[in-house]
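Per-entry structural report
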Amino acid sequence: MSTKPTNVEEIKKELIAKMPTKVARKRAKSILPGTEMGEPIPEIQSNVRTIPGIITQRGCTYAGCKGVVLGPSRDIVNLTHGPIGCGFYSWLTRRNQTEAGPDGENFIPYSFSTDMTEHDIVFGGEKKLRAAIKEAYDTFHPKAISIFSTCPVGLIGDDIHAVARTMQEELGITIFANSCEGYKGVSQSAGHHIANNQIMKHVIGTDDDTKIEGKFKVNMLGEYNIGGDAFEIERILEKCGFTLVATFSGNSTVQDFRVAHNADLNTVMCHRSLNYVAEMMETKFGIPWIKVNFIGAEASAKSLRRMAAYFEDQELIDRVEAVIAEELVAVNKVVEEIKPRTAGKTAMLFVGGSRAHHYQELFKELDMKILGAGYEFAHRDDYEGRHVLPNIKVDADSRNIEELEILPDPERYKPRKTEAEMARLNEKGVDFKGYEGMIEGMGKNAMVIDDINHYETEKLLEIYKPDIFCAGIKEKFIVQKMGIPLKQLHNYDMGGPYAGFNGAINWYRDIDRMVNTKVWALIKAPWQSTGPELEATYVA
Ligand code: CFM
Ligand code: HCA
């Protein structure tokens, strides 16, 4: 096995050496070594504007709002107001799965868009938006319609909220709008915040008549059922005896959101994208939240134990232990078989706002080493953690996005636990609102890089030559052409689920195959043997 370079400061100098001075100075603040467990956590620059000209992997605000948070709900008509490209390129690309059952509605296979053209840009698109809502209503009779604006809508000033209000009155269903123009924030992150505000304002808690049965009622926030992850989590929760009221938003329905305030605990899987709803539901309804992680068998077990500890019910605690013991039999068998082939192999992960951290658990279970990792658009708390820095303001940098004013609901605010109870439960390890950041424990030889760009990626690959690189579709083929296998951590390539116990087994097997195949190293890109110019043959 080749020795890997370990001096992060030296490598960092090399990464930024060719950049103009001002650019290098700015990038330097987003690149640092990890820390050993228990060491002080340094500050990292994140959630700032990408320097123009740099090829970033980030997406836009519309992507975060429509594609990420609301898109996976299956019976809301998610209607893009804009030129057709935005609707088309956010159509079925994220592999968020749905299962509606024989009688349920499922609009996921459709792409709804107003298809704005030049005429609408010049004369205004509100008329077209009204017509599109009416057409969607007449065709599908959905329970709810959600509208998303794209960049030109903000520029020409269409009042999508007024259209939503009048159409809601006319049609008698829930219609709400999201001003999530792509340029609104520095990344997808702003779009998450906008979607959180709008579901809170228009949907969550709007049904008080439906009774929700169940002793241990929870919501799962920030789980989007990519590759079927939510189905596996649902299987485990049901087996343990938890009642899942609503998932935000994998395979969810508008009705799930309406009754979500009946849960006694909010569990947050992807904190970056749904933390705002968690905070707002605590303020409004008195439902506390804890961070969970169902990526990794050990992490899943730990999350289940903390959920059970919250309810303080011995029967539940015992059942959770029995489920963990039963599930781990199969998991351990596969780990033991595979670990000798993966131990000591190296990985790098650059993705999104939570997976680059969550997936480190699964690599550790295979005894693999993380050389570097980073998020595309996370904020400081995702890197630095929250029980470490209890006073960090979570949304300090969601610029331009209005904070919703949320107050305790006079009729429905019911604190599920008193402060004294919460303090006592924290001592038992429930850890309300607590979460680890990425930096802590990664080790001083690992690199942490925020908003990695294309140039830095290529440099890192040349220097480190990891056995596997995890990122998305924009990086995939470039990395593979460099002879290194790439696992997409966004859509899982065609794989998954990777969450929970069965998911962990799927992951071990897929990673084993990828790090132990020689195929990528054998491939030579055409220009490696023929030079940069390729000869074309014209068809007569
Ligand atoms: Fe949360 Fe996500 Fe992620 Fe995210 Fe995303 Fe995604 Fe992601 Mo792609 S909500 S932050 S905005 S876990 S779409 S399901 S894979 S970048 S790491
Ligand atoms: C998004 C969605 C994305 C993109 C994935 C990728 C996803 O950011 O708009 O770059 O491969 O998970 O589908 O993150």
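Residues numbered from 1 in each chain as written. Chains lettered and ligands numbered in written order. Predicted model: local features only at pLDDT ≥ 70, side-chain atom pairs only at ≥ 80, totals over all residues. Heavy atoms only, no water.

Under an unreviewed UniProt entry, the protein chain has the name Nitrogenase protein alpha chain and belongs to Solidesulfovibrio aerotolerans. Under the UniProt heading Subunit (unreviewed entry), the entry covering the protein chain gives this text: "Tetramer of two alpha and two beta chains. Forms complex with the iron protein (nitrogenase component 2)." The UniProt entry for the protein chain carries the following comment under Sequence similarities (unreviewed entry): "Belongs to the NifD/NifK/NifE/NifN family." (UniProt positions renumbered as here; feature names shortened; annotations may be inferred.)

**Looking at the overall build of the protein chain**
Of the regular secondary structure elements, the protein chain holds 22 helices and 14 strands. C-alpha atoms of the protein chain, sized along the principal axes, occupy 70 × 65 × 45 Å. Out of the 540 residues belonging to the protein chain, those deemed buried represent 57%. Considering only residue pairs separated by 6 or more positions, the protein chain has 77% of its internal contacts joining residues 24 or more positions apart. For the protein chain, the distance from the average position of its 65 positive side-chain charges to the average position of its 76 negative side-chain charges is 4 Å. (Helix = DSSP H or I, 4+ residues; strand = E, 2+ residues; numbered from the N terminus. Buried < 20%, exposed > 50% of the residue type's maximum accessible area, 1.4 Å probe, protein only. Contact = heavy atoms within 4.5 Å. Lys, Arg positive; Asp, Glu negative; His and termini not counted. Charge placed at Lys NZ, Arg CZ, Asp CG, Glu CD.)

**Some remarks on the packing of helix α15 (residues 355-365) against helix α20 (residues 500-515)**
The contact between α15 and α20 brings their axes to 10 Å, and the two run at 70 degrees. Between α15 and α20, the interaxial angle falls into the category roughly perpendicular. In this structure, the crossing between α15 and α20 has a hand that is right-handed. Here α15 contributes Tyr359, Leu362, Phe363 and Glu365 to the contact with α20, which in turn contributes Ala504, Trp507, Tyr508 and Ile511. Tallied by class, the residues present in the contact of α15 with α20 amount to 7 nonpolar, no polar and 1 charged. (Axes fitted to C-alpha atoms, helices over the stretch in contact; angles between N-to-C directions. Parallel < 35°, antiparallel > 145°, perpendicular 65-115°, else oblique. Left-handed = near helix turned anticlockwise from the far one by under 90°. Nonpolar A, V, L, I, M, F, W, Y, C, P; charged D, E, K, R; others polar.)

**Description of helix α6 (residues 126-140)**
The end-to-end C-alpha distance of α6 is 21 Å, a good match for the 21 Å that 15 residues give at a rise of 1.5 Å each. Within α6 the residues assigned to the buried category are Leu129, Ala132, Ile133, Ala136 and Tyr137. Taken end-on, α6 shows its buried residues confined to a sector of 130 degrees, consistent with a single buried face. Turned more than 90 degrees away from the buried face of α6, the exposed residues are Lys127, Glu135 and Thr139. If you follow the buried residues of α6, they end up packed against β2 (76-81), β4 (144-149), α8 (160-171) and β5 (174-178). Positive backbone phi, at 45 degrees, marks His141, one or two positions downstream of α6. (Expected span 1.5 Å × (residues − 1). Arc of directions from axis to C-beta.)

**Here we look at the site of ligand 2**
Surrounding ligand 2, one finds Ala63, Arg94, Gln188, Gly472, Ile473, Lys474 and His490. At a separation of 3.2 Å, an oxygen atom of ligand 2 approaches a polar side-chain atom of Lys474. Here the residues of the shell around ligand 2 sort into 2 nonpolar, 3 polar and 2 charged. (Near = heavy atom within 4 Å. Polar contact = N/O pair within 3.5 Å; in protein donor to acceptor, adjacent residues only side chain to side chain.)

**Let's talk about the site of ligand 1**
Inspection of the region around ligand 1 gives 14 residues, with Arg94, His192, Cys270, Ser354 and His490 positioned closest. For the shell around ligand 1, the residue count by class is 6 nonpolar, 6 polar and 2 charged.

**A closer look at the pairing of β4**
Counting buried residues in β4 gives 6 out of 6 residues, a clear majority hidden from the surface. The two faces of β4 match: Ala144, Ser146 and Phe148 on one face and Ile145, Ile147 and Ser149 on the other face are all buried. By the bridge criterion, 6 bridges tie β2 to β4 in an arrangement that is parallel. The residue bridging Ile76 from the neighbouring strand is Ala144, located in β4. Bridge count for β4 against β5 is 5 bridges, and the pairing is parallel. Its bridge partner being in β5, Ser146 is matched across the sheet by Phe176. (Pairing = 2+ DSSP bridges.)

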